[in-house]
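What follows is the residue order along each chain.
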Amino acid sequence: MRRYLNLTVVIFLVSVLSVAKQNPGAEKPAANAAGKAAVSAPATNLPSEQTVDGFMRQTFGYDPQVSWKITSIRPAPVPGLVEVLVTLASPQGQQISRFYVTADGEHAVVGDIIPFGATPFAPARKLLDKGITGPGRGPKDAPVTIVEFGDLQCPACKAAQPAIEGLAKAEPNARFVFQNYPLEMHNWAAKGAAYADCVGGASPDMFWQFIAKTYEQQADITTENADQKLAAIAEATGAKGADIAACAAMPATKARVDASIALGKAVDVSGTPTLFINGRKIGNVSQIPADVLKQLVEFAGKQGK
């Protein structure tokens with residue numbers, strides 16, 4: 001994400017976070033460009049949407065260029081904590097931020113809850129091994145499986161793609177699998193995922209070309225021209241654009257994309273791109289040096305099945 005929004009998030013991270021218990025009693029600002037929030041149903045010990053909005057106002061209200069959307073308020077994987085996902089937006093872009101509210105409703109904790117134990121990545125790996133259905137490349141019996149959850153409208157996914165392609169070339173004995181994970185904040189991402197699913201079903205080789213070409217044209221695709229652009233990109237890969245467009249509109253295709261999203265949520269994907277190297281979750285892919293990514297893959301391979 002661009003520097004401006006990163007700075008905003010850094011301010012958020014280093015602030016002394018305290019969630020007020022009182023209800024601010026105000027509606028969400030009209031300038032909250034992301035729209036009405038979709039939150040979990042009210043439940044005991046969950047802070048209200050108004051309380052979270054009041055917290056966001058106090059934290060970011062000094063900057064009129066920053067708006068937000070409360071994506072979810074739900075129990076965290078750890079008992080006693082509530083997980084809150086918020087999409088922050090500025091003229092420079094959007095970013096998902098996550099924080100946790102303590103049981104007393106008076107404090108928030110910023111950071112990730114990560115798996116712990118002698119084999120901390122085994123649960124996620126097990127879920128992925130059973131659930132991945134996306135197009136793959138590399139040996140099916142590879143000792144390392146790298147799963148990418150991506151969104152074709154996501155600028156960060158486009159930025160990370162050279163690093164992922166570089167890793168694929170550097171590790172030909174690893175298996176790479178792409179899982180669709182279109183974010184709700186992106187207005188044509190779901191359609192892009194449907195087209196990608198259909199191209200992948202037609203030919204895995206054409207799929208990787210489709211991904212690359214869609215990223216190349218990402219800035220030119222809009223909600224209004226998405227069908228035309230995506231069908232043309234599919235045609236350029238060797239697929240029949242009209243057939244792919246018809247496939248993309250089918251309920252069965254949406255069901256497959258929804259299943260991919262559900263798998264991502266099951267392994268705690270909240271933003272894109274997210275990689276899993278034999279179950280080890282990796283974010284900020286484009287910011288990780290190529291030699292470090294290579295070390296992670298080779299280390300995973302030495303751990304065995």
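Residues numbered from 1 in each chain as written. Predicted model: local features only at pLDDT ≥ 70, side-chain atom pairs only at ≥ 80, totals over all residues. Heavy atoms only, no water.

**Side note on the overall build of the chain**
In step 1: Scanning the chain for helices and strands turns up 10 helices and nine strands.
In step 2: When the 305 residues of the chain are sorted by exposure, 45% land in the buried category.
In step 3: Residue pairs at least 24 apart in sequence account for 68% of intrachain contacts in the chain once pairs closer than 6 positions are excluded.
In step 4: Just so you have it, the chain exposes about 15,500 Å², and 56% of that area is on carbon and sulfur atoms. (Helix = DSSP H or I, 4+ residues; strand = E, 2+ residues; numbered from the N terminus. Buried < 20%, exposed > 50% of the residue type's maximum accessible area, 1.4 Å probe, protein only. Contact = heavy atoms within 4.5 Å. Areas by Shrake-Rupley, 256 points an atom, 1.4 Å probe, with all protein chains shown as cover.)

**A few points about unusual backbone geometry**
In step 1: Residue threonine 272 is joined to proline 273 through a cis peptide bond whose omega torsion reads -5°.
In step 2: Following the sequence through the fold, proline 273 ends up in the loop between α9 (251-266) and β8 (274-277).
In step 3: For aspartate 268, which is not glycine, the phi torsion reads 70° and is therefore positive.
In step 4: Examined against the element boundaries, aspartate 268 turns out to sit in the loop between α9 and β8.
In step 5: For aspartate 268, a relative accessible area of 24% translates into the label partly exposed.
In step 6: Positive phi outside glycine occurs at asparagine 278, with the angle close to 50°.
In step 7: Summarising the element assignment, asparagine 278 is placed in the loop between β8 and β9 (280-282).

**Topic: the sheet that holds strand β7 (residues 175-180)**
In step 1: Read from one edge to the other, the open sheet built from five strands follows the order β5-β7-β6-β8-β9, with strand pairing classed as mixed. Lying at the two open borders of the sheet, with one neighbouring strand each, are β5 (136-137) and β9.
In step 2: Pairing of strand β6 (residues 145-150) with β7 involves six bridges; the strand directions are parallel. Bridge pairing in β7 links glutamate 148 to phenylalanine 178. (Pairing = 2+ DSSP bridges.)

**With respect to the nonpolar core**
In step 1: One finds Leu152, Phe178, Tyr195, Val199, Phe207, Phe210 and Ile244 to be the most contacted residues of the largest nonpolar core, which totals 26 residues.
In step 2: Breaking this core down by element, the ones donating at least two residues are α5 (189-202), α6 (204-216), α7 (226-236) and α8 (241-248).
In step 3: Leucine 152 has contacts with Phe178, Trp188, Gly192, Ala196, Phe210, Ile211, Thr214, Tyr215 and Gln218, leaving out every residue within four places of it along the chain. (Core = buried A, V, L, I, M, F, W, Y, C linked by side-chain atoms within 4.5 Å.)

**Digging into the environment of asparagine 173**
In step 1: Locating asparagine 173 in the fold gives a position in the loop between α4 (155-170) and β7.
In step 2: The spatial distance from the C-alpha of asparagine 173 to the C-alpha of lysine 140 is 9.5 Å, given a sequence separation of 33 residues.
In step 3: Setting aside chain neighbours within four positions, we find asparagine 173 in contact with Pro139, Ala142 and Pro143.

**Topic: α6**
In step 1: When the terminal C-alpha atoms of α6 are compared, their 19 Å separation across 13 residues agrees well with the 18 Å that a helix rising 1.5 Å per residue should span.
In step 2: Along α6, the residues classified as buried are Met206, Phe207, Trp208, Phe210, Ile211, Thr214 and Tyr215. (Expected span 1.5 Å × (residues − 1).)

**Digging into the environment of glutamine 209**
In step 1: In this structure, glutamine 209 sits in helix α6.
In step 2: C-alpha of glutamine 209 to C-alpha of glycine 238: the two residues are 29 residues apart in sequence and 9.5 Å apart in space.

**Some thoughts on the sheet that holds strand β2 (residues 81-90)**
In step 1: Taken in spatial order, the four strands line up as β1-β2-β3-β4 in an open sheet, and their pairing is antiparallel. Looking at the sheet topology across the chains shown, the edges are occupied by β1 (67-75) and β4 (108-110). Sheet twist, expressed as the mean angle between neighbouring strand axes with direction ignored, is 30°.
In step 2: Running at roughly 135° to β1, helix α2 (residues 49-60) makes contact with β1, β2 and β3 (93-102) of the sheet. (Axes fitted to C-alpha atoms, helices over the stretch in contact; angles between N-to-C directions.)

**Describing the pattern of salt bridges**
In step 1: Scanning the entire structure with this criterion turns up 13 salt bridges.
In step 2: A salt bridge links arginine 57 to aspartate 53; the nearest nitrogen and oxygen atoms lie 3.1 Å apart. Linking arginine 57 with aspartate 53, this pair stays in helix α2, spanning four residues, or about one helical turn.
In step 3: Residue arginine 57 is classed as partly exposed on the basis of its relative accessible area of 30%. (Salt bridge = Lys/Arg side-chain N within 4 Å of Asp/Glu carboxyl O.)

**Examining the packing of aromatic side chains**
In step 1: Evaluation of the coordinates by the stated rule reveals five aromatic pairs.
In step 2: With 5.4 Å between their ring centres and 55° between their planes, phenylalanine 178 and phenylalanine 207 make a pair best called tilted. Taken together, the residues phenylalanine 178 in strand β7 and phenylalanine 207 in helix α6 connect sequence positions 29 residues apart.
In step 3: Here phenylalanine 178 falls in the buried class, since its relative accessible area comes to 2%.
In step 4: Phenylalanine 207 sits in the buried class, given a relative accessible area of 1%.
In step 5: Taken together, the aromatic side chains of Phe149, Tyr181 and Phe276 make up a single cluster linked through ring pairs.
In step 6: The ring of phenylalanine 176 has arginine 137 lying over it, and the distance from NZ or CZ to the ring centre is 5.9 Å.
In step 7: Over the ring of tryptophan 208 we find arginine 137; its NZ or CZ atom is 4.0 Å from the centre of that ring. (Phe/Tyr/Trp six-rings, centres within 6.5 Å; stacked < 30°, edge-to-face > 60°. Lys NZ or Arg CZ within 6 Å of the ring centre and 35° of its normal.)

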